[in-house]
Amino acid sequence: MGMTLSFTRVTPGELDRAFGDPGWALERLDDEGLPYCFLEKSWAGIQFLLDAADVRVDVYEDGDAIDEECTLFGWSDGMVAEAAKALGATPFEVLAGHYDPRKLSEEEVYPMRHLWDDGDIDYLRQNYGDLVVFLEETAAAGGAAIRHFSF
């Protein structure tokens, strides 16, 4: 399976509840009716490009821990709105200028031991686009998000 990362839209009130009851939060993520963005294993490659482009959004580290294992992080409605604005202002073409399969492989950017190649940029492009749409739609709805890291 590997290490995957996803975001699920919740209301600000639900996010507050999640901080008080991490078990409830994990169960809430099972609701297939909630809008979500599943970045699969692309999250580290996307983060590599965001860092290279000096975009101040960290899909893995941003937010506040909900559970002791730090697999769930809460993104407030304000944080979602800021990330949506930053990523919405950063078309993938800007990130693509920093795509260097050799460097990603040398730095063992996850998925580790994966030999990045020219074709992998399409995988990152698709998932980045999904993330931007998710954040923009969540921000427009006044929503918050729970970031789930699975390994």
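Quick look at the structure, then. (Residues numbered from 1 in each chain as written. Predicted model: local features only at pLDDT ≥ 70, side-chain atom pairs only at ≥ 80, totals over all residues. Heavy atoms only, no water.)

Another aspect to go through is the nonpolar core. In globular proteins that are soluble, nonpolar side chains generally tend to be buried together. Ranked by size, the top nonpolar core spans 34 residues in total, and within it Phe7, Leu87 and Leu135 carry the most contacts. Mapped onto this core, the elements with two or more residues apiece are strand E1 (4-10), helix H3 (43-52), helix H4 (77-88), helix H5 (92-96), helix H7 (120-140) and strand E5 (144-150). A per-element tally of this core places H7 first, with seven residues. In this structure Phe7 touches Pro35, Tyr36, Cys37, Leu39, Val59, Trp75, Leu131, Phe134, Ala145, Ile146 and Arg147, once residues within four positions along its chain are discounted. Membership of the second largest hydrophobic core comes to ten residues, among which are Leu15, Leu29, Ile66 and Ile146. (Core = buried A, V, L, I, M, F, W, Y, C linked by side-chain atoms within 4.5 Å. Buried < 20%, exposed > 50% of the residue type's maximum accessible area, 1.4 Å probe, protein only. Helix = DSSP H or I, 4+ residues; strand = E, 2+ residues; numbered from the N terminus. Contact = heavy atoms within 4.5 Å.)

A few words now on the sheet that holds strand E3 (residues 64-65). Spatially, the five strands line up as an open sheet ordered E2-E1-E5-E4-E3, and their pairing is antiparallel. Only two strands of the sheet have a single neighbouring strand rather than two, namely strand E2 (36-38) and E3. Sheet topology note: the E1/E2 ladder contains three bridges and is antiparallel. Within the sheet, the bridge partner assigned to Phe7 lies in E2 and is Cys37. (Pairing = 2+ DSSP bridges.)

At their nearest, the axes of H4 and H7 sit 8 Å apart, and the two run at 135° to each other. Considered as vectors, H4 and H7 are oriented oblique to each other. Two packed elements cross with a definite hand, and for H4 against H7 that hand is left-handed. Within the contact between the two elements, H4 uses Val80, Ala81, Ala83, Ala84, Leu87 and Gly88 and H7 uses Tyr128, Leu131, Val132, Leu135, Glu136, Thr138 and Ala139. For the contact of H4 with H7, the per-class residue count stands at ten nonpolar, two polar and one charged. (Axes fitted to C-alpha atoms, helices over the stretch in contact; angles between N-to-C directions. Parallel < 35°, antiparallel > 145°, perpendicular 65-115°, else oblique. Left-handed = near helix turned anticlockwise from the far one by under 90°. Nonpolar A, V, L, I, M, F, W, Y, C, P; charged D, E, K, R; others polar.)

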